[in-house]
Amino acid sequence: MKKWKIYLINLARSTDRLAACARQFEEHELSFERIEAIDGDKLSPASISEIYDFSHSSYHKHMTNGEIACYLSHVKVWQKVVDEQLDYAVILEDDILLKDDILEGLEAVHQIQQPWDLIKLAEAPEKRKVVHQYPVDDFSLVTYNKVPIRCCAQVISLSGAKKLLAKSANVTRPIDIELQYWWESDLNIFGLKPYIVKPNQNLVSEIDRESNRKKAKQSFPRKVVSGFYFLFKNKKELSKRLEQLSK
């Protein structure tokens, strides 16, 4: 029997979101453990400087306090997975809606034989092309041409948590962008389709709450260089991954 849990990342001040998610879990007879999210509004400049320095980052934008706090909140969950030696954990943020087939999807995850580190359970908008898939019950485990952004719903294995923790001492990119560079941590990332979770479009992401994410300072030269690097490496590493999957 595999050992796993559902973790819900939730800010202390977001009591309404916690209550809304709790009602959904109760409706589907699912238990969960709340993880208190790091509050970006409470991060001091000194604490940020210990883990983040734009001059040493490959990401072209200056990360906001909200993005850094979101990354650190996920780090807390990865550490819980390792500390408790779980086989895997479902990680949900509190701006999600569980779909009717959530139980069937979670059972499908349990049946996966293919080695994996992280599985996306949601995507919005759904625009990433599927380049490989194989059936798992009534679902498909898919490989994307580019890992979707947003980290509102995913499953992480013990091996995936260890790989991500190994790089977590210094924050260099937002967590969803970090996962797009999956080859740097040798992450086996997939998606489970049809998705069993969707973002609640009626809620504004806490990261974007003050609308400062899009206004963040950025380096255009770094954007160009990193963009070309990503296109080249993603294509090259994806080709190798697809060759492995086809064996």
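What counts and what doesn't
Residues numbered from 1 in each chain as written. Predicted model: local features only at pLDDT ≥ 70, side-chain atom pairs only at ≥ 80, totals over all residues. Heavy atoms only, no water. Phe/Tyr/Trp six-rings, centres within 6.5 Å; stacked < 30°, edge-to-face > 60°. Lys NZ or Arg CZ within 6 Å of the ring centre and 35° of its normal. Helix = DSSP H or I, 4+ residues; strand = E, 2+ residues; numbered from the N terminus. Expected span 1.5 Å × (residues − 1). Axes fitted to C-alpha atoms, helices over the stretch in contact; angles between N-to-C directions. Parallel < 35°, antiparallel > 145°, perpendicular 65-115°, else oblique. Left-handed = near helix turned anticlockwise from the far one by under 90°. Contact = heavy atoms within 4.5 Å. Nonpolar A, V, L, I, M, F, W, Y, C, P; charged D, E, K, R; others polar. Buried < 20%, exposed > 50% of the residue type's maximum accessible area, 1.4 Å probe, protein only. Pairing = 2+ DSSP bridges. Salt bridge = Lys/Arg side-chain N within 4 Å of Asp/Glu carboxyl O. Patch = residues over 30% accessible without salt bridge, like charges linked within 9 Å, V, L, I, M, F, W, Y side chains within 5 Å. Areas by Shrake-Rupley, 256 points an atom, 1.4 Å probe, with all protein chains shown as cover. Lys, Arg positive; Asp, Glu negative; His and termini not counted. Charge placed at Lys NZ, Arg CZ, Asp CG, Glu CD.

A. The arrangement of the packing of aromatic side chains in detail. The final tally for this structure, using the stated rule, is nine aromatic pairs. Within the aromatic cluster, the residues linked to one another by ring pairs are Tyr-181, Trp-182, Trp-183, Tyr-229 and Phe-230. Positioned over the ring face of Tyr-181 is Arg-173, at 3.7 Å from the centre of the ring.

B. View of helix 3 (residues 65-83). Between its terminal C-alpha atoms helix 3 stretches 27 Å, which fits the 27 Å expected from 19 residues at 1.5 Å a residue. Positive backbone phi, at 50 degrees, marks Gln-85, one or two positions downstream of helix 3.

C. Local environment of the packing of helix 3 against helix 5 (residues 158-165). As a packed pair, helix 3 and helix 5 sit with axes 9 Å apart at the nearest point and diverge in direction by 130 degrees. The angle between the axes of helix 3 and helix 5 places the two elements in the oblique class. Crossing angle aside, the handedness with which helix 3 passes helix 5 is left-handed. Of the residues in helix 5, those in contact with Val-75, Trp-78, Gln-79, Val-81 and Val-82 of helix 3 are Leu-158, Ala-161, Lys-162, Leu-164 and Leu-165. In the contact of helix 3 with helix 5, the residues fall into eight nonpolar, one polar and one charged.

D. Focus on the environment of Gln-180. Residue position: Gln-180 is located in helix 6 (residues 175-180). On the basis of relative accessible area, Gln-180 is assigned to the buried category, the value being 6%. Once the C-alpha coordinates of Gln-180 and Pro-148 are considered, the two residues, 32 residues apart in sequence, prove to be 7.4 Å apart. Not counting residues within four places of it along the chain, the set of residues in contact with Gln-180 comprises Lys-146, Val-147, Pro-148, Ile-149, Phe-230 and Asn-234.

E. Expanded view of the sheet that holds strand 5 (residues 118-120). A sheet is described by the order of its strands in space; here eight strands give the open sequence 2-1-3-8-5-9-7-6, paired in mixed fashion. Unpaired on one side and paired on the other, strand 2 (33-36) and strand 6 (130-136) mark the two borders of the sheet. Strand after strand, the sheet turns through a mean of 30 degrees between neighbouring axes, direction not considered. Here strand 7 (residues 139-144) runs beside strand 9 (residues 189-193); their pairing, made up of three bridges, is antiparallel. Note on strand 9: the bridge partner recorded for Leu-141 is Leu-192.

F. Fine view of the pattern of salt bridges. Going through the model one piece at a time under the given rule, you end up with 18 salt bridges. Close ionic contact of Lys-163 with Asp-186 constitutes a salt bridge, the shortest N to O distance being 4.0 Å. You can see Lys-163 sitting in helix 5 and its partner Asp-186 sitting in the loop between helix 6 and strand 9, a full 23 residues away along the chain. Asp-186 gets classed as partly exposed once you look at its relative accessible area, which sits at 49%.

G. Just unusual backbone geometry, in detail. Omega for the peptide link from Ala-124 to Pro-125 comes to -10 degrees, which places this bond in the cis form. Between Lys-193 and Pro-194 the backbone carries a cis peptide bond, its omega angle lying at -5 degrees. Tracing the backbone shows Pro-194 in the loop between strand 9 and strand 10 (197-199). Even without glycine at this site, Gln-85 takes up a positive phi of about 50 degrees. Tracing the backbone through its elements, the reader meets Gln-85 in the loop between helix 3 and strand 3 (88-93). You can call Gln-85 partly exposed: its relative accessible area is 45%.

H. Local environment of the pairing of strand 8 (residues 153-157). Burial within strand 8 is extensive, with five of its five residues counted as buried. What you see with strand 8 is no split at all: Ala-153, Val-155 and Ser-157 on one side and Gln-154 and Ile-156 on the other are buried throughout. The sheet contact formed by strand 3 and strand 8 spans five bridges and is antiparallel. Directly across from Val-90, in strand 8, lies its bridge partner Val-155.

I. Layout of a negative patch on the surface. Taken together, the side chains of Glu-27, Asp-100, Glu-104, Glu-107, Asp-137 and Asp-138 define an acidic patch exposed on the protein surface. Among the structural elements, Glu-104 can be located in helix 4 (residues 102-111).

J. Main features of the environment of Asp-100. Inspection of the secondary structure assignment puts Asp-100 in the loop between strand 4 (96-98) and helix 4. Each C-alpha atom of the pair Asp-100 and Tyr-144 lies 24 Å from the other, and the pair is 44 residues apart in sequence.

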